[in-house]
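Residue strings, one per chain:
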Amino acid sequence: MAQLNFIEQGLRVLNIERQALADIKQYVDENFNNACQAMFDCQGRIIVIGMGKSGHIGNKIAATLASTGSPAFFVHPGEASHGDLGMITKNDVVMLISNSGETSEVLNIIPVLKRLGAKIISMTGNPLSTMATLADVHVCIKVEQEACLLGLAPTASTTATLAMGDAMAVALLEARGFTADDFALSHPGGSLGKRLLLTLKDVMHSGTNTPIIGVTQTIKDALIEMSAKGLGMTAIVDNNQQLAGLFTDGDLRRILEQKVDIHNTAISQVMTKSCTTATADMLAAEALNIMENKRINGLIIVNEQNQPVGALNMQDLLKAGVL
């Protein structure tokens, strides 16, 4: 089989689609502004409807709106005609997407939307189309040509539609003052959500799982506690249960080089007195930053009285997906 070269055609397609994006900048105009204002003022939900490839793009636009502070969902026009119109209320804004503006499955439900009193935004490539004419606001997404040589497969037009949808979503995001914390609330399973929502109390070892010994105990006692809790460290507390110091695997290696008697030497003689601590309400991502900057592998979590209430190491943050 002959070896083919697809590079030329690939570059041709990208150039056409790049030009399509440049062309639609002219349509970020007063109509675009009115469409965004309607969605910003919406007291219900933004309902996105489209058929075929426009439906696929509409689904993505709805998902982007929903994840950036503008509650939205996609409704298939065929399903809408068979019961799903019941999801739509007069308080909703409906975005209809069709490159031709004459998609019959979408046009068929416009009378019902009008009767409901829902605000209608249309996105089409033909400002004189039926859909554009019937909508309250029309946003043009006209492109000069499709990337498909036959001019049939939606390519540049769907790219332009998706970009216009992104422009609307981000404009609304900024208008709503949507923050990274807000984004994390709608993405709790993602890495950003974990970095912005997870606190140390969610991942730390607490209660009887916290490695703690008294200040009068020996190095041997510290080793037993460290082995039992498996965190590579133990907190040292005074008679008031306040943190007096920390002993780690690194400290152990250093004292073994000095041939210290681990059975009889008090832990107070070898512990690190000034150690880095954290609080339970600290973000896990913040704790990670502290550990990386100070080149330490673990943290003791203390309360307002400087009493140890938990502990964690880098492995715990790794398991939690913070790293």
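The model shown is predicted, which means the values in this text are computed figures rather than measured ones.

Rules used throughout
- Along each chain, residue indices are assigned from 1 in the same order as the chain's sequence is written.
- Selection of residues for local features in this predicted model requires a pLDDT of at least 70, selection of side-chain atom pairs for listing and counting requires 80 or more, and totals for whole chains, interfaces and linings are taken over all residues.
- Side-chain numbers here rest on the full set of heavy atoms in the structure, without hydrogens or water.
- The rule for a salt bridge is simple: a side-chain nitrogen of Lys or Arg has to be within 4 Å of a carboxyl oxygen of Asp or Glu.
- Numbering of helices and strands starts at the N terminus; helices are DSSP runs of H or I of at least 4 residues and strands are runs of E of at least 2.
- Accessibility here uses a 1.4 Å probe with only protein chains present; expressed as a share of the type maximum, an area under 20% marks a residue as buried, one over 50% as exposed, and anything in between as partly exposed.
- The term disulfide is used for any two cysteine sulfur atoms that are within 2.5 Å.
- The rule for pairing is simple: two strands pair if DSSP sees at least two bridges between them.
- Under this scheme, a helix contributes an axis fitted over its contacting stretch, all axes are lines through C-alpha atoms, and angles between N-to-C directions fall in the 0 to 180 degree range.
- The arc refers to the directions leading from the helix axis to the C-beta atoms.
- Should any heavy atoms of two residues lie within 4.5 Å, those residues are considered in contact.
- Orient the strands so they point away from the viewer; a crossover is then right-handed if the path from the first strand over the helix to the second runs clockwise.
- For patch building, the residue pool is restricted to those with more than 30% relative accessible area and no salt bridge; the joining distance is 9 Å between like charges and 5 Å between nonpolar side chains (Val, Leu, Ile, Met, Phe, Trp, Tyr).
- Exposure was quantified through the Shrake-Rupley algorithm and a 1.4 Å probe, taking into account, for residues, occlusion by the shown protein chains and nothing else.

## Focus: the pattern of salt bridges
Here is step 1: Evaluated as defined, the whole model comprises three salt bridges.
Here is step 2: Notably, a salt bridge pairs Lys60 with Asp166, separated by 2.9 Å at the nearest N-O pair. You can see Lys60 sitting in helix H3 (residues 53-67) and its partner Asp166 sitting in helix H8 (residues 156-175), a full 106 residues away along the chain.
Here is step 3: In this structure Lys60 comes out as partly exposed when scored by relative accessible area, which is 35%.
Here is step 4: Lys229 is paired through a salt bridge with Glu225; the nearest N and O atoms lie 2.6 Å apart. One end of the pair, Lys229, and the other, Glu225, are both in helix H12 (residues 219-229), four residues apart, so they sit about a helical turn from each other.
Here is step 5: Looking at Glu225, the relative accessible area reads 14%, which means it is buried.

## Details of the state of the cysteines
Here is step 1: Applying the stated criterion to the full structure yields zero disulfides.
Here is step 2: Unpaired in this structure, Cys36 has its nearest cysteine sulfur neighbour in Cys42, at a distance of 13 Å.
Here is step 3: The class of Cys36 is buried, set by a relative accessible area of 9%.

## Some words on the sheet that holds strand E9 (residues 243-248)
Here is step 1: Taken in spatial order, the three strands make up an open sheet running E7-E8-E9, and their pairing is mixed. Every interior strand has two partners, whereas the edge strands, strand E7 (212-214) and E9, have only one. Here the average twist between neighbouring strands, direction ignored, is 30°.
Here is step 2: Taken together, the three bridges between E7 and strand E8 (residues 233-237) define a ladder with parallel strand orientation. Along E8, the bridge assignment pairs Gly214 with Val237.

## Regarding H12
Here is step 1: For H12, the complete set of buried residues consists of Ile219, Ala222, Leu223, Glu225 and Met226. Burial along H12 is one-sided: seen end-on, the buried residues are contained in an arc of 165°. Facing away from the buried side of H12, by more than 90 degrees, are the exposed residues Ile224, Ser227 and Ala228.
Here is step 2: For H12, the elements touching its buried residues are E7, E8, E9 and helix H13 (249-257).
Here is step 3: Where H12 terminates, the next one or two residues include Gly230, which has phi positive at roughly 65°.

## A closer look at the pairing of strand E1 (residues 46-50)
Here is step 1: In terms of burial, E1 is largely enclosed, as five of its five residues are buried.
Here is step 2: Side chains of E1 alternate between two faces, with Ile46, Val48 and Gly50 and Ile47 and Ile49 buried alike.
Here is step 3: Strand direction decides the pairing type here: E1 and strand E2 (residues 72-75), joined by four bridges, are parallel. Residue pairing in the sheet places Ile49 in a bridge with Val75 of E2.
Here is step 4: Of the crossover connections in this fold, the one passing from E1 over H3 to the parallel E2 is right-handed.
Here is step 5: Across five bridges, E1 lies against strand E3 (residues 93-97) in parallel orientation. Residue pairing in the sheet places Val48 in a bridge with Met95 of E3.

## Looking at a nonpolar patch on the surface
Here is step 1: A cluster of nonpolar side chains, namely Ile7, Leu11 and Leu14, defines an oily patch on the protein surface of about 320 Å² accessible area.
Here is step 2: Relative to the assigned elements, Leu11 resides in helix H1 (residues 7-23).

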